[in-house]
Amino acid sequence: MSDGFGSSLRAKITAGLATSLLVLVVGGASYFAMGRSTRAASLVAHTDSVLVERERVLSSLKDAETGARGYMITNDTLFLAPYKGAAAEFAESLGQLRRLTSDNRVQQIRLDSVESIGQESLRLSNQLVTLRQTGDSVMGVSLLSTGESRQVMDHARSVLADMEADERQLLARRTQIQRESTLLAGTVIILGSAIAFLLSLLVNRGIRRDVIEQEDQRELIERQAKKLKEQAGELAKQLSESRALAAQLTATNDNLQAASIATGEARRRAEVALEHASEAEREQARLARQNAALAEAAIEINSTLAADAMLQVATENARRILHARRAQTRLTEETLSSGAMRGLSLQQAAAIWHAAEHEEQELTSWTDVTMEMKVPSIERLADADDVDTLVRGYDPDNAIAAPLVGRNGRTLGVIQLWEKKEGRFNESDEAVLTQLAQMCSVALENARLYKAAQDATRARDDLVAIVSHDLRNPVHTINMAAAFLLEIAPPVDRRITSRRQLEVIQRAAHRANRLISDLLDVAKIQAGGLAVEPAPIDVPSLVQEAVDAATPLASAKQLRVDRVISPEFRPVCADRDRVLQVFGNLLGNAIKFTPSGGQIIVTADSEPTQAHFCVSDTGPGIPPEHVPHVFDRYWQAKSTAKLGTGLGLSIAKGIVEAHTGKIWVESEPGKGASFNFTLPYA
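Below you will find a few notes about this structure. Since the model is a prediction, treat every value here as computed from it, not as a measurement.

### Here's the deal with the overall build of the chain
The helix and strand inventory of the chain stands at 13 helices and 12 strands. By sequence separation, contacts in the chain at least 24 residues apart represent 75% of the contacts at least 6 residues apart. Carbon and sulfur atoms make up 57% of the accessible area of the chain, which totals about 40,100 Å².

Listed below in structure tokens is the structure:
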């Protein structure tokens, strides 16, 4: 028996060493394969960067040519914005391409060609702008008609297309290498795991055989012990006579102790009364500590919107407050698979807390064990046969549970506790667990609603950014075409209707371009990337320019626009175009909502630390309940929902705050509104 046990033990040790060695080999092979895959992924990302920078180079040349051509045709300075930034963007992107393709001699040669072609294209664009600025539009149109700039751009596209073709081929090869590396890593891990599982199965079978042999030995020992008990019974009969004699002596001793027993009984009664009073005090102290722990748990549970962290906190607090050996929170299949909960990292997790010395381990976890249950219920969750193996060994009768219920009455899951450390669970414990379950349910619903709101906001902003970006080029094309047709049309044209339609198209294109610019500004403000170029600005000329721009529109509505400026005004440090945009939005709103015959006043006050501007009107004013929302994006009162997009005031706020200023509104219904903002001094 001992030889067989020794050989079995050696076989199990050998199998265990083999399993460990196999895990080490699989780990090394996996490390090598994953490293190879990582390097391949890095090369794929590098190639993607080359393709992106190549597209930026071509885009900068297109912007320069389109801006110069549009300015030449329309004499509209708006087209100079992309033209001015094109040269810097071209140089930056070209430098990035040179750095990214420094190890590719063929691409470096092509980049030399792209640089010379790009310089030629920029030179032609600059010549067009210069001719237009000097008033020589005939020479500019002649230069456009030669098609030289188009030929240069076609040459640039051809060279960049060759670069893209080579990079696409390189990307395909690197992607294939990455795919092969990933497949190799997966194959190594799967095969190694399968072999390790087989070795573990063999070790388990050997252990089972040893356990059976030990059971046989235990049965043999029990039979021998039974025989020994029979022999002990015979000896007990012989001792019974001796015990009878001892009983007589004991009776005599009992008579002597009777008097002392009566005295001891009175003493015990007094001790019981004192103990009951102490228990009442301890119970009051326990309830006070429990209430304080519940308050702390409520703060901790509601301090996070991450569902997994919140569930773990609630489970651990339930175990700690109610002194349970085991706590577990489980969610229903419907809760885990719902669209609103997707992406909240609700995965199985477990944590072990070791108690103080001489105590058993305390286990806390939250997990989903209801995936296969058709109709989840508290009874089935509490008495389920498929409970986690961590629960085995605990008394199933010493357990309590409380449901997690959503706002609509739907069961989200259950919190369960097993085996109280001292005593058994009572109705007070069930009430505390129910309170914790209600806190957890509310926090879980809040996490779901918060994530849904974030997803909706992100989707809306992404859609606005994409649509506004993709609409800008078609709108520019329409504007250029309308301007070109108006410019070449005879001054006296009998087809008045056609000329008016062209003017309508041009005005609509300007409005669309303004709306697109507003959408892009809102996206930049939200992302914290609104760029301003502060410089010293003379305040009187700034206010005069803003008033002059708004006067024609105000006159059309029979409104008077006045300005009041403090004497000896210091210059302000601001971006002139952006500040004029703020004035334009505020004055536009004032003109829009002020009835005919009203007055609009623009004031500029010189304060000790900053400049204070105000645009006030004599319109109907703003209701008090609407004042907190006037600067919100897309917000409009129901009565004015068709008078704009709801972006102007939001953009004005973003521009002022980008200058470290502040903007606010003061209004009383029926007495007009005053929009105020501040700017720093230069």
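Having seen the structure, we can now continue with the description.
### Details of the pattern of salt bridges
Following the criterion strictly, the structure yields 20 salt bridges and no others. We note a salt bridge from Glu-164 to Arg-54, for which the minimum N-O separation is 3.4 Å. With Glu-164 in helix 5 (residues 148-301) and Arg-54 in helix 1 (residues 2-74), this residue pair connects regions lying 110 residues apart in the sequence. The closest approach of N and O atoms between Asp-154 and Arg-157, which form a salt bridge, is 3.1 Å. Of this pair, Asp-154 and Arg-157 both sit in helix 5, 3 residues apart, which is roughly one turn of the helix. Looking at Asp-154, the relative accessible area reads 39%, which means it is partly exposed. Ionic contacts of the salt-bridge type, sharing partners, join the residues Glu-53, Arg-56, Glu-89 and Glu-92 into one network.

### Let's talk about helix 13 (residues 648-658)
When we look at burial in helix 13, the residues that qualify are Leu-649, Ser-650, Ile-651, Ala-652, Gly-654, Ile-655 and Val-656. Following helix 13 by one or two positions, Thr-660 has its phi on the positive side, about 65 degrees.

### Concerning the nonpolar core
Formed by 46 residues in total, the largest nonpolar core has its most connected members in Phe-583, Phe-613 and Phe-677. The greatest single-element share of this core, amounting to 8 residues, is contributed by helix 12 (residues 576-593). In this view, Phe-613 contacts Val-539, Val-543, Val-572, Phe-583, Thr-603, Ala-604, Phe-675, Asn-676, Phe-677 and Leu-679; residues no more than four positions away in its chain are not counted. Among the nonpolar cores identified, the runner-up in size contains 34 residues, and Val-57, Met-72, Ile-73 and Tyr-83 belong to it.

### Topic: a nonpolar patch on the surface
Together, Leu-21, Leu-24 and Val-25 make up a nonpolar patch on the protein surface, roughly 320 Å² of accessible area in all. The topology assignment puts Val-25 in helix 1. With relative accessibility at 51%, the residue Val-25 sits in the exposed group.

### Quick notes on the environment of Leu-294
Of note, Leu-294 is situated in helix 5. On the accessibility criterion, Leu-294 (5% relative accessible area) is buried. Taking the C-alpha atoms as reference, Leu-294 lies 7.6 Å from Leu-436; in sequence the two are 142 residues apart. Leu-294 has contacts with Ile-321, Val-432, Gln-435, Leu-436 and Met-439, leaving out every residue within four places of it along the chain.

### Side note on helix 6 (residues 307-321)
Helical geometry: 3.6 residues make up each α-helical turn, so side chains three or four residues apart lie on a common side. Helix length check: helix 6 (15 residues) gives 21 Å between terminal C-alpha atoms against 21 Å at 1.5 Å per residue, within 8%. Residues of helix 6 that are buried include every one of Ala-307, Met-310, Leu-311, Gln-312, Val-313, Ala-314, Thr-315, Glu-316, Asn-317, Ala-318, Arg-319 and Ile-321, and no others. Once helix 6 finishes, His-323 follows within two positions and takes phi at roughly 55 degrees, a positive value.

### Regarding the packing of aromatic side chains
A complete count under the given rule lists 5 aromatic pairs for this structure. Consider the rings of Phe-583 and Phe-677, whose centres lie 5.4 Å apart with planes at 70 degrees: the pair is edge-to-face. Here Phe-677 lies in strand 12 (residues 673-680) and Phe-583 lies in helix 12, a separation of 94 residues in the sequence. Pair check on accessibility: Phe-583 and Phe-677 agree, each one buried. Members of the aromatic cluster, joined through ring pairs, are Phe-569, Phe-583, Phe-613 and Phe-677. Taking NZ or CZ as reference, Arg-570 lies 4.0 Å from the ring centre of Tyr-681, over its face.

### A look at the packing of helix 12 against helix 13
To characterise two packed helices, one gives the angle between the axes of the helices and the distance between these axes. Relative orientation of the contacting elements helix 12 and helix 13 amounts to 150 degrees, with a least axis distance of 9 Å. By the angle class used here, helix 12 and helix 13 are roughly antiparallel. Along this stretch, helix 12 crosses helix 13, giving a crossing that reads as left-handed. Taken together, the residues of helix 13 that come into contact with helix 12 (itself represented by Arg-578, Gln-581, Val-582, Asn-585, Leu-586 and Asn-589) are Gly-648, Leu-649, Ile-651, Ala-652, Ile-655 and Val-656.

### Description of unusual backbone geometry
In this model, His-323 sits at a positive phi of 55 degrees, which is unusual for a non-glycine residue. Here His-323 is to be found in the loop between helix 6 and strand 1 (324-331).

### Re the sheet that holds strand 11 (residues 663-667)
The 5 strands lie next to each other as 7-9-10-12-11, forming an open sheet whose pairing is mixed. A single partner strand is all that each edge strand has here, and the edge strands are strand 7 (560-565) and strand 11. Direction aside, neighbouring strands of the sheet carry axes that sit 15 degrees apart on average. Each of strand 7, strand 9 (599-606) and strand 10 (610-617) is contacted by helix 11 (residues 539-556), which is oriented at about 175 degrees to strand 7, the strand it contacts most. Here helix 12 sits on the sheet and contacts strand 9, strand 10 and strand 12; the angle it forms with strand 10, its principal contact strand, is near 25 degrees.

### As for the packing of helix 3 (residues 105-133) against helix 4 (residues 137-145)
One way to put it is that helix 3 packs onto helix 4 with a least axis distance of 7 Å and a crossing angle of 155 degrees. Relative to helix 4, the element helix 3 is oriented roughly antiparallel. Across the interface between the two elements, Gln-127, Leu-128, Leu-131 and Arg-132 from helix 3 touch Ser-137, Met-139, Gly-140, Leu-143 and Leu-144 from helix 4. Residues that form the contact of helix 3 with helix 4 fall into these classes: 5 nonpolar, 3 polar and 1 charged.

Cut-offs used in this document
- Residues numbered from 1 in each chain as written.
- Predicted model: local features only at pLDDT ≥ 70, side-chain atom pairs only at ≥ 80, totals over all residues.
- Heavy atoms only, no water.
- Helix = DSSP H or I, 4+ residues; strand = E, 2+ residues; numbered from the N terminus.
- Contact = heavy atoms within 4.5 Å.
- Areas by Shrake-Rupley, 256 points an atom, 1.4 Å probe, with all protein chains shown as cover.
- Salt bridge = Lys/Arg side-chain N within 4 Å of Asp/Glu carboxyl O.
- Buried < 20%, exposed > 50% of the residue type's maximum accessible area, 1.4 Å probe, protein only.
- Core = buried A, V, L, I, M, F, W, Y, C linked by side-chain atoms within 4.5 Å.
- Patch = residues over 30% accessible without salt bridge, like charges linked within 9 Å, V, L, I, M, F, W, Y side chains within 5 Å.
- Expected span 1.5 Å × (residues − 1).
- Phe/Tyr/Trp six-rings, centres within 6.5 Å; stacked < 30°, edge-to-face > 60°.
- Lys NZ or Arg CZ within 6 Å of the ring centre and 35° of its normal.
- Axes fitted to C-alpha atoms, helices over the stretch in contact; angles between N-to-C directions.
- Parallel < 35°, antiparallel > 145°, perpendicular 65-115°, else oblique.
- Left-handed = near helix turned anticlockwise from the far one by under 90°.
- Pairing = 2+ DSSP bridges.
- Nonpolar A, V, L, I, M, F, W, Y, C, P; charged D, E, K, R; others polar.

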